[in-house]
Amino acid sequence: MKRIVAFDFDGTLTTRDTLLAFIRYACGTSRFLLGFLRYSPLLVLMKLGLYPNWKAKQRVFSYFFRGMALQEFNALCQRFAADNRHLLRPKGEATLRQAQAEGAVVLIVSASIDNWMKPFFPSVQVMGTQIEVNDGRLTGRFLTRNCYGQEKVNRILECYPHRKDYHLTAYGDSRGDRELLAFADESHYKPFRADEN
């Protein structure tokens, strides 16, 4: 039977949310703080469950990156991954590499943006939130649904629809992984936290 191993990215393979880390890296601390001050009321509403997570995320993303050339954005993503390997949890990375070495199909299934996840693990299939591009520039909108909650299961089923044909192992750390962990044959919740300083 085929073996599939699916990892969440933020908080599972990494020690923190990479959206925030990426924005700060790409835009600098001053612009980062200004942007989050501007959107703080919206973020509070999101935390209270009064505003959809994906809408808040898209508005923040759009504020920082709308109009940027895709080529420039992708170059930033490559540099971010190269300069921030320290964000990866060593045990998480080792578990991923071991699954690859054993011949499993390895997936990263995350609400983060594909463009900056892929450079961390170029040989792994990434199922993340994809961004919309028009005439080579970012529109600030998402092309796909935010890959969170049930959407993680949906993405796996889109690529691997015959559920009885594979054994699924899943690693996650948050509310956004609950459906994925329940869907898996074997699940691991917050498995690599010993790496956190």
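Residues numbered from 1 in each chain as written. Predicted model: local features only at pLDDT ≥ 70, side-chain atom pairs only at ≥ 80, totals over all residues. Heavy atoms only, no water.

A. Examining the side chain of Lys57 more closely. Position of Lys57 relative to the elements: it lies in helix H4 (residues 53-65). For Lys57, which is buried and forms no salt bridge, the nearest opposite charge comes from Asp10, at a distance of 6.5 Å. Not counting residues within four places of it along the chain, the set of residues in contact with Lys57 comprises Leu19, Ala111, Ser112, Thr129, Phe142 and Asn146. (Helix = DSSP H or I, 4+ residues; strand = E, 2+ residues; numbered from the N terminus. Buried < 20%, exposed > 50% of the residue type's maximum accessible area, 1.4 Å probe, protein only. Lys, Arg positive; Asp, Glu negative; His and termini not counted. Salt bridge = Lys/Arg side-chain N within 4 Å of Asp/Glu carboxyl O. Contact = heavy atoms within 4.5 Å.)

B. Region of interest: the environment of Gly103. For Gly103, the location among the structural elements is in the loop between helix H6 (90-101) and strand E2 (105-113). Relative accessible area serves as the criterion here: at 60%, Gly103 is assigned to the exposed category. Remark: the alpha-carbon pair of Gly103 and Arg3, spanning 100 residues in sequence, is separated by 8.0 Å.

C. Highlighting helix H5 (residues 70-83). An ideal rise of 1.5 Å per residue puts 20 Å on 14 residues; H5 measures up with 20 Å between its terminal C-alpha atoms. Buried positions along H5 lie against helix H1 (18-27), H4, helix H7 (114-117), strand E4 (131-134) and strand E5 (137-142). (Expected span 1.5 Å × (residues − 1).)

D. Summary view of the environment of Leu107. Position of Leu107 relative to the elements: it lies in strand E2. As a C-alpha pair, Leu107 and Tyr166 span 59 residues in sequence and 13 Å in three-dimensional space. Non-local contacts of Leu107, meaning those with residues more than four positions away in its chain, are made with Ile4, Val5, Ala6, Phe7, Val124, Gln125, Met127, Ile156 and Tyr160.

E. How the structure looks around the packing of aromatic side chains. All chains considered together, the criterion is met by 19 aromatic pairs. A centroid spacing of 4.9 Å and a plane angle of 45° characterise the contact between Phe32 and Phe36, whose relative ring orientation is tilted. With Phe32 and Phe36 both in helix H2 (residues 29-38) and four residues apart, this pair spans about one turn of that helix. Accessibility expressed as a relative area gives 18% for Phe36, which makes it buried. Measuring from ring centre to ring centre gives 5.1 Å for Phe61 and Phe65, while their planes differ by 45°; the resulting arrangement is tilted. In this pair, Phe61 and Phe65 are both assigned in helix H4, four residues apart and thus about one turn of the helix distant. (Phe/Tyr/Trp six-rings, centres within 6.5 Å; stacked < 30°, edge-to-face > 60°.)

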